[in-house]
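Residue-level structure breakdown
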Amino acid sequence: MRGEPEHKPLRPSWRCPNCGILWPCSAAKLRLLGEFREDRPGLLVHMAKVQEEATADLTKLNPGVTLPDLTPRFVGWAERR
């Protein structure tokens, strides 16, 4: 998919640099579903690790602020079929 923008997270904000919305954006979710098409458990493990990274970044970015539960954003969508 040459020439198409990548929808990878902009760290430490964890927003999509192309869409401007919270990552994973719809395009990133579609890409991840394609990458892990035959390995839903692998996708869930991957997204749980990414959630840990995001939590660490967002905690440093917003010290003293209680973060909302990030599970629906990072893992919840990947559990559904």
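Structure shown above.
Residues numbered from 1 in each chain as written. Predicted model: local features only at pLDDT ≥ 70, side-chain atom pairs only at ≥ 80, totals over all residues. Heavy atoms only, no water.

1. Topic: the packing of aromatic side chains
Each pair of aromatic rings is reported with the distance of its centres and the angle of its planes. We count it as follows: By convention, a stacked pair of Phe, Tyr or Trp rings (six-membered ring in the case of Trp) has centres within 6.5 Å and planes under 30 degrees apart, an edge-to-face pair has planes over 60 apart, and any other such pair is tilted. Counting from the N terminus, the helices are DSSP H or I runs at least four residues long and the strands are E runs at least two residues long. Per-residue accessibility, obtained with a 1.4 Å probe over protein chains only, is compared with the maximum for each type, and a residue is labelled buried under 20%, exposed over 50%, and partly exposed between these values.
Taken as a whole and assessed by the stated rule, the structure comprises 3 aromatic pairs. With 5.8 Å between their ring centres and 80° between their planes, Trp14 and Phe74 make a pair best called edge-to-face. In this pair, Trp14 is assigned in the segment before α1 (26-35) and Phe74 in helix α3 (residues 71-79), connecting sequence segments 60 residues apart. Relative accessible area serves as the criterion here: at 0%, Phe74 is assigned to the buried category. Here the aromatic rings of Trp23 and Phe74 are separated by 6.4 Å at their centres, their planes lie at 45°, and the arrangement is tilted. In this pair, Trp23 is assigned in the segment before α1 and Phe74 in helix α3, connecting sequence segments 51 residues apart. A relative accessible area of 3% places Trp23 in the buried class. Members of the aromatic cluster, connected to one another through ring pairs, are Trp14, Trp23 and Phe74.

2. Remarks on the nonpolar core
Our working definition: Only buried residues count toward a nonpolar core, which is a set of Ala, Val, Leu, Ile, Met, Phe, Trp, Tyr and Cys residues joined through side-chain atoms within 4.5 Å.
Counting 17 residues, the largest nonpolar core has Trp14, Trp23, Leu32, Leu43, Met47, Phe74 and Trp77 as the members making the most contacts within it. The set of elements that each furnish at least two residues to this core consists of α1, α2 (40-61) and α3.

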